[in-house]
Amino acid sequence: MTPVPLERTERAEPASPPHARKRTDIEGLRAVAVSLVVLSHSGVALFAGGYIGVDVFFVISGFLITSLLLRELDTTGRISIRRFYARRALRLLPASTIVVVFTVIGSWLWLTPVRFAEYTKDALASTLYAINFRLAITGTDYLQEGAPPSPFQHFWSLAVEEQFYLVWPLLLIVSAWLLSRGGRSSRTRYLAVPLVVLSAVSLLLSIVDTPRSAPWAYFGSHTRIWELGAGALVALAATRLARTPGRIAAAMTWVGLAAIVVAAVVYDNDTPFPGYHAILPVAGTALVIAGGTAAARADARLLLGLAPFQRIGGLSYGWYLWHWPLLVIGPAALGLHGTLKVNLALCGLGLILAAVTLYLVENPVRFHHAFKNRPGRAISLGVTLSAGAAVIALVAATLPPSIPYGPKVADLPAAMASASTPDAEGFLKSAIGDGVPPERLPGNLTPSLTTVKDDKAIVYDDGCHVGYDGVDMPECAFGDLTSSKVVVLFGDSHAASWFPSMERLALDNHWKLYSWTKASCKVSSITLVRTGKAYESCDTWRKQTIARIKRLHPALVVMSSSEDGTIFPKNTDNAAAWGAGFATTLKQINARGTKMTLIQDIPWPNSDAPECLAQNPRVLTLCTNKLPKALHSPARRSAIAAAAKKAKIKVIDPTAWFCGTAGTCPPVVGNLLVYRDEGHMTKQYAQFLAPVLMAHLPKI
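Everything numeric in this text was worked out from a predicted model, so none of it was measured.

Draft legend 1. How the structure looks around the layout of surface pockets. There is about 1,600 Å³ of room inside the second largest pocket. Lining the second largest pocket we find 49 residues, and of these Arg30, Leu64, Ile65, Arg91 and Arg366 sit closest to its centre. Here the lining of the second largest pocket takes 11 residues from helix α3 (residues 53–76), the largest share from any one element. Looking at the lining of the second largest pocket residue by residue, the classes come out as 22 nonpolar, 10 polar and 17 charged.

This is the structure in structure tokens:
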């Protein structure tokens with residue numbers, strides 16, 4: 001973009017010394033920020049809220065980048081977009097590209113092949129500075145909950161920054177143009193007004209969205225812009241802040257530093273963040289920077305200016321880039337558990353790699369004479385680096401790590417379909433036997449370990465399985481849409497796991513099937529805990545869904561829920577409350593002509609089954625579970641079943657469909673993968689169980 005000139009005769013203020021001098025306090029503040037992040041990610045309990053270090057970085061970045069742009073505006077009367085992005089490319093891309101490439105390689109070598117395709121998508125999104133949107137989307141996907149973190153996850157903060165810097169320089173240019181045309185107001189007013197409005201809207205969105213949609217609030221740029229804006233506003237006020245009396249300025253820096261530390265110590269993973277909780281570390285950082293503009297003798301530079309802080313601050317960018325993939329990949333590569341000592345050692349290695357990257361890559365490229373006063377070359381280098389990293393991610397996606405499958409075995413669904421006996425349940429029990437899995441993964445395992453995470457029922461894609469924050473859903477009708485025989489599937493994600501079975505039965509028997517399910521929302525009329533608070537959207541959804549069922553007058557309601565969860569408040573959680581809540585729901589649904597059936601929760605595997613199988617493809621017994629451990633909560637199970645039987649509701653216990661005669665519950669039956677994660681059936685196994693389920697459903 002062509003730089004926008006500003007008439008020198010109408011410049012409101014001369015160049016400000018606070019924009020020009022080196023700020024050792026900010027370098028030390030960088031050290032504090034990255035250290036808090038590293039300690040938090042390493043598992044140091046004292047600094048469980050150390051993730052606020054990212055918010056500190058946002059404020060610092062907003063201040064420094066705005067100061068740089070203001071200095072350019074003061075000295076040249078214009079802002080060059082080309083030079084701005086050239087500087088960003090030289091500063092960020094050499095190191096980030098190296099980390100992306102090494103992380104792709106490390107993921108291929110040591111992380112589970114089950115998720116490698118997802119990791120390559122994360123790598124691609126990181127190179128495009130869009131990883132925050134991808135993380136927000138996957139964070140709202142119930143079936144992704146509990147998944148191991150992506151080794152590229154930390155790139156989200158860089159994405160947020162770059163998205164802000166797509167907008168902020170343009171606002172500065174427009175403001176400069178208005179000043180050159182009008183000349184009646186100070187530059188600060190023109191620049192501050194749009195920034196204040198933008199930041200206020202962003203803060204409001206952060207406060208509103210955090211309890212409503214935590215992943216989007218955390219990773220979304222719309223809820224973080226105000227943090228960078230806070231730093232930018234300090235930069236705009238730097239000249240006035242430089243005249244702050246020394247005692248007041250010094251006090252500001254120490255109070256601000258204390259606020260940052262308090263947030264890191266008091267906050268933890270249960271703190272709703274960012275929301276209004278982000279105000280404390282952001283305000284603290286702004287105070288440190290604002291007070292530091294006066295350069296008072298007794299300010300926080302006494303601490304932040306010390307050599308260790310300065311050295312770590314200079315390595316903060318590289319350390320941030322390296323520490324996270326080392327924490328995710330390192331334990332797997334070393335065959336160790338990610339204990340505190342192991343994590344701290346890996347982060348120490350990350351600091352060494354940060355120094356190597358700075359002196360051998362970042363500085364040589366950044367200060368090379370070939371790029372001096374040649375922004376076109378710098379931008380070309382940035383495009384080349386980003387494109388190269390993207391190509392590597394795409395190529396890696398086509399060459400996933402292999403899984404050593406064994407020979408193919410008989411296709412179980414085909415064998416059942418061609419069996420001479422119509423006894424589907426007898427065939428199933430014969431296939432499971434004593435529950436001991438095959439010695440090796442079948443070569444025709446269905447679905448495969450590398451596709452199972454994306455192979456899910458249609459209700460997860462069409463809005464018929466409601467997420468945590470939603471309460472509304474479409475009609476969600478399946479099967480024979482013209483039929484007068486209406487069946488409803490009602491419950492949480494474990495009920496949704498039965499949808500492939502129910503859809504097959506609806507098509508075979510000409511039922512009109514409605515599937516109404518919601519993430520972690522039980523059939524029992526109980527209020528659960530969600531992110532430390534009452535799961536109110538579940539109660540609202542359940543009430544609305546029960547009302548829909550009563551208006552519909554279906555022939556059959558099939559209910560199912562997992563036995564996982566905690567009643568709110570926690571001191572009221574007991575098995576009897578779960579049973580009483582189920583009885584309440586039955587009374588609310590009960591209507592003449594409507595039959596009801598409860599499918600009890602399925603036995604759970606001992607961990608994420610596909611992950612375990614990928615790590616132990618030749619010893620599948622390591623991935624089996626045994627009864628009664630496989631039953632998540634026998635007490636709740638019994639209480640709910642008792643309530644159902646008291647109401648004369650048919651209870652279907654599917655335990656024998658997953659576990660053998662010896663009480664062993666295999667993750668693989670024949671050529672079918674039973675579980676898609678740590679508690680849900682695969683779509684294929686659910687379809688296979690359809691005729692078995694049919695034999696137990698009431699006749700309609």
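Moving on from the coordinates now.
Draft legend 2. Up close: the pairing of strand β9 (residues 556–560). Buried residues dominate β9, accounting for five of its five residues. Side chains Leu556, Val558 and Ser560 project from β9 onto one buried face, and the interleaved Val557 and Met559 project onto a second face that is buried too. Strand direction decides the pairing type here: strand β5 (residues 486–491) and β9, joined by five bridges, are parallel. Residue pairing across strands places valine 487 opposite leucine 556, the latter belonging to β9. Relative to strand β10 (residues 595–599), β9 runs parallel, the two being bridged by four bridges. Each residue of the ladder has a partner; that of valine 557, found in β10, is methionine 596.

Draft legend 3. Structural context of empty space enclosed by the protein. For the structure on display, the rule yields five cavities of 30 Å³ or more. Empty space within the largest cavity amounts to approximately 130 Å³. In this structure, the largest cavity is lined by 16 residues; those nearest its centre are Ser561, Ser562, Glu563, Leu598 and Ile640. Of the residues in the lining of the largest cavity, the class split is seven nonpolar, five polar and four charged.

Draft legend 4. Representation of unusual backbone geometry within the structure. With an omega of 10 degrees, the peptide bond running from phenylalanine 273 to proline 274 counts as cis. Mapped onto the secondary structure, proline 274 falls in the loop between α13 (246–266) and α14 (279–292). Positive phi outside glycine occurs at tyrosine 129, with the angle close to 55 degrees. At alanine 295, a position not held by glycine, the phi torsion is positive, near 50 degrees.

Draft legend 5. How the structure looks around the packing of α13 against α14. Across the interface, α13 lies against α14 with an axial gap of 7 Å and an inter-helix angle of 155 degrees. When the interaxial angle is binned, α13 and α14 end up roughly antiparallel. The way α13 lies across α14 gives a crossing that is left-handed. Along its contact with α13, which presents Ala249, Met252, Thr253, Val255, Gly256, Leu257, Ala259, Ile260, Val262 and Ala263, the element α14 presents Leu280, Pro281, Gly284, Thr285, Leu287, Val288, Ala290, Gly291 and Gly292.

Draft legend 6. Seen up close, the packing of aromatic side chains. Here the structure, examined in full by the defined rule, presents 22 aromatic pairs. Consider the rings of tyrosine 218 and phenylalanine 219, whose centres lie 5.2 Å apart with planes at 80 degrees: the pair is edge-to-face. Between tyrosine 685 and phenylalanine 688, the aromatic rings sit 5.9 Å apart at their centres with planes inclined by 40 degrees, giving tilted as the arrangement. Of the two residues, tyrosine 685 and phenylalanine 688 both sit in helix α28 (residues 683–688), three residues apart, roughly one turn of that helix. Three or more aromatic residues joined by ring pairs make a cluster, and in this case those are Tyr51, Phe58, Trp156, Tyr218, Phe219, Tyr267 and Phe273. The ring centre of tyrosine 218 lies 4.7 Å from the NZ or CZ of arginine 224, which sits over that ring. Geometry around tyrosine 468 places arginine 530 over its ring, the cationic atom sitting 3.4 Å from the centre.

Calculation rules
Residues numbered from 1 in each chain as written. Predicted model: local features only at pLDDT ≥ 70, side-chain atom pairs only at ≥ 80, totals over all residues. Heavy atoms only, no water. 1 Å grid on protein atoms, 1.4 Å probe; cavity = no way out; pocket = protein on both sides within 12 Å on 5 of 7 lines; lining within 4 Å. Points joined across faces, edges and corners; volume = space filled by probe spheres on them. Helix = DSSP H or I, 4+ residues; strand = E, 2+ residues; numbered from the N terminus. Nonpolar A, V, L, I, M, F, W, Y, C, P; charged D, E, K, R; others polar. Buried < 20%, exposed > 50% of the residue type's maximum accessible area, 1.4 Å probe, protein only. Pairing = 2+ DSSP bridges. Axes fitted to C-alpha atoms, helices over the stretch in contact; angles between N-to-C directions. Parallel < 35°, antiparallel > 145°, perpendicular 65-115°, else oblique. Left-handed = near helix turned anticlockwise from the far one by under 90°. Contact = heavy atoms within 4.5 Å. Phe/Tyr/Trp six-rings, centres within 6.5 Å; stacked < 30°, edge-to-face > 60°. Lys NZ or Arg CZ within 6 Å of the ring centre and 35° of its normal.

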